[in-house]
Amino acid sequence: MFSAVKESILGRAQKAGKIEINVINLRDYTEDKHLKCDDYPFGGGAGMVMMPQPIGSAIEALDPEHKARRIYMSPKGETFRQQKVFQLLQYEHLILLCGHYEGVDQRAIDLFIDEEISIGDYVLTGGELPAMVVVDCVSRYVDGVISPSSLVDESFSENLLEYPQYTRPQEYRGIPVPEILRSGDHGKIDAWRREQAIEITKKRRPDLLK
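Concerning the pairing of strand β3 (residues 69–79)
Then, in step 1: As paired elements, β3 and strand β4 (residues 94–98) share five bridges and run parallel to each other. By the bridge assignment for β4, M73 is matched with C98.
Then, in step 2: Taken together, β3, helix α3 (residues 82–88) and β4 constitute a β-α-β crossover, and its handedness is right-handed.
Then, in step 3: In this structure, β3 lies alongside strand β5 (residues 115–118), joined through five bridges in parallel fashion.

Topic: the sheet that holds β5
Then, in step 1: Strand order in this open sheet of three strands is β4-β3-β5, and the pairing throughout is parallel. The open sheet has two free edges, formed respectively by β4 and β5, since each of these has just one partner strand. Taking the axes of each pair of neighbouring strands and ignoring which way they run, one obtains an average angle of 45° across the sheet.
Then, in step 2: Lying over the sheet, helix α5 (residues 128–139) contacts β3 and β4, oriented at roughly 160° with respect to β4.

Regarding the environment of E102
Then, in step 1: Topologically, E102 is positioned in the loop between β4 and α4 (106–112).
Then, in step 2: Not counting chain neighbours up to four residues away, the residues in contact with E102 comprise A46, G47, M48 and V49.

Regarding unusual backbone geometry
Excluding glycine, a negative phi dihedral is what most residues carry, and trans is how most peptide bonds are arranged.
Then, in step 1: Here R168 and P169 are connected by a cis peptide whose omega angle stands at 5°.
Then, in step 2: By the element assignment, P169 lies in the loop between α5 and β6 (171–172).
Then, in step 3: For H66, which is not a glycine, the phi torsion comes out positive at approximately 50°.
Then, in step 4: Checked against the element boundaries, H66 lands in the loop between α2 (52–62) and β3.
Then, in step 5: The exposure class assigned to H66 is partly exposed, which follows from its relative accessible area of 38%.
Then, in step 6: Unusually for a residue other than glycine, N159 sits at a positive phi of about 60°.
Then, in step 7: Tracing the backbone through its elements, the reader meets N159 in the loop between α5 and β6.

Points about the packing of aromatic side chains
Then, in step 1: Summed over all chains, the structure comprises one aromatic pair.
Then, in step 2: Ring centres of F86 and Y141 lie 5.1 Å apart, and the angle between their planes is 80°; this geometry places the pair in the edge-to-face category. Taken together, the positions of F86 in helix α3 and Y141 in the loop between α5 and β6 put the pair 55 residues apart, joining distant regions of the chain.
Then, in step 3: Taking the relative accessible area as the measure of exposure, Y141 reaches 17% and is therefore buried.

What to know about the state of the cysteines
Then, in step 1: Scanning the model with the defined rule gives zero disulfides in all.
Then, in step 2: Of all cysteine sulfurs, the one in C98 lies closest to C37, which takes part in no disulfide; the gap is 13 Å.

Thoughts on the nonpolar core
Then, in step 1: Ranked by size, the top nonpolar core spans 15 residues in total, and within it L26, I55, I59, Y72, L97, V104 and I113 carry the most contacts.
Then, in step 2: For this core, the secondary-structure elements that each account for two or more residues are α2, β4 and α4.
Then, in step 3: Setting aside chain neighbours within four positions, we find I59 in contact with P64, R70, I95, F112 and I113.

Rules behind the numbers
- Residues numbered from 1 in each chain as written.
- Predicted model: local features only at pLDDT ≥ 70, side-chain atom pairs only at ≥ 80, totals over all residues.
- Heavy atoms only, no water.
- Pairing = 2+ DSSP bridges.
- Helix = DSSP H or I, 4+ residues; strand = E, 2+ residues; numbered from the N terminus.
- Right-handed = clockwise from strand over helix to strand, strands pointing away.
- Axes fitted to C-alpha atoms, helices over the stretch in contact; angles between N-to-C directions.
- Contact = heavy atoms within 4.5 Å.
- Buried < 20%, exposed > 50% of the residue type's maximum accessible area, 1.4 Å probe, protein only.
- Phe/Tyr/Trp six-rings, centres within 6.5 Å; stacked < 30°, edge-to-face > 60°.
- Disulfide = S-S within 2.5 Å.
- Core = buried A, V, L, I, M, F, W, Y, C linked by side-chain atoms within 4.5 Å.

Structural data, given as structure tokens:
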């Protein structure tokens, strides 16, 4: 599943040594002879629960001095927003634990996890996709991963959604590029873009303007 982090911008950033992404298999740390990492829940119920031992052993092996920020990807966690990205950038290392099945034994969370993060109010089959979302969001702000100019005036900067973008051709199926963008007047262009960003945010995400 994690082949996505080896491609495109993240792939190039890793080859250039700007970031390092390691995928850890919990089965490599289990003490069970059958390499089990999950078991039936105490108290009954559907599904399986990830066992604390493989998780604890893996995290302690990776981060023996607890220098990393340890995060469990969970629907019970804090909703992931742009401000959280900037908070996570303060840490040199992140450990992202991907839940599966019915979740993770609570003792593993209590003993080894610093915080829980959710990417939205829905349930997925596992924490791999949410982990990749966090990796992608945080990595793009690491120096040298992408051009700094690409980080300016994007969605959620100043709590605004991004203004509309246009490229060639100048007219497509009867719809022209707004004349202001072809004027060459950068002051007026900047004002138009900000006005558009405010209007789009008012219509689609008025909560951001609060």
